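Next come the chains, spelled out residue by residue.
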Amino acid sequence: MDRTNVLNMFNAYQNGVKRIGVTAEVTLPEFEFKSESIEAAGLMGTVDAVAVGHTDAIEQEIPFINADDDFFNSLMTGQNVSMTLRGSQQVTDSATGTIKNVPVRVVLGGIVKKIKLGSLKQAGLGNPSFTLSLNYYLHEFNGQKRIEIDKLNSVCVINGNDLMAEINSQC
């Protein structure tokens, strides 16, 4: 069995163009599924009914080291921005102790919602960022699709389980 170690390296791409040195770390988004609280006869208190496959708005902040051409060229407001993060995750085979690397790919699609210009700091980093309102998220690990959410095309796949298949077949 493989035991994960570290993300050895990653690169960021926007619309297929490699952006070298734009960021040191990207915190991936949280997903919260839509729900309604229900109180009714026969229930012992409140129950949250989760709407299968539907998520609240998903935001993704993309941090940069400084506001430069790569940063300003990324601010395509009103257009869909596609960001791809490709990495190599180091794992150890627990049976043999052998270290190997497996690919990680995260694809983000959305519209620029917020622009943070950061700061001007002598001999320092500015740390600007922009935030996408995501309509698409894909997370692959070792060549396998683990999460795919496509809000515009009614897709929600979690670890190979297509949560919307039955629902989509009925609508």
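Note that the coordinates shown come from a computational prediction; the quantities given were computed from them, not determined experimentally.

1. Some remarks on unusual backbone geometry
Inference 1: Here the phi dihedral of N127 falls at roughly 55°; this positive angle occurs in a residue that is not glycine.
Inference 2: Here N127 shows up in the loop between β7 (99-116) and β8 (129-141).
Inference 3: N127 gets classed as partly exposed once you look at its relative accessible area, which sits at 45%.
Inference 4: Phi at N142 takes a positive value of approximately 55°, unusual for a residue other than glycine.
Inference 5: With respect to the helices and strands, N142 occurs in the loop between β8 and β9 (144-150).

2. Let's talk about the nonpolar core
Inference 1: Membership of the largest hydrophobic core comes to 22 residues, with the highest contact counts inside it found for M83, L108, F130 and L132.
Inference 2: Mapped onto this core, the elements with two or more residues apiece are β5 (58-63), β6 (80-93), β7 and β8.
Inference 3: Considering every element that reaches this core, the biggest residue donor is β8, with four residues.

Reading guide: rules and limits
Residues numbered from 1 in each chain as written. Predicted model: local features only at pLDDT ≥ 70, side-chain atom pairs only at ≥ 80, totals over all residues. Heavy atoms only, no water. Helix = DSSP H or I, 4+ residues; strand = E, 2+ residues; numbered from the N terminus. Buried < 20%, exposed > 50% of the residue type's maximum accessible area, 1.4 Å probe, protein only. Core = buried A, V, L, I, M, F, W, Y, C linked by side-chain atoms within 4.5 Å.

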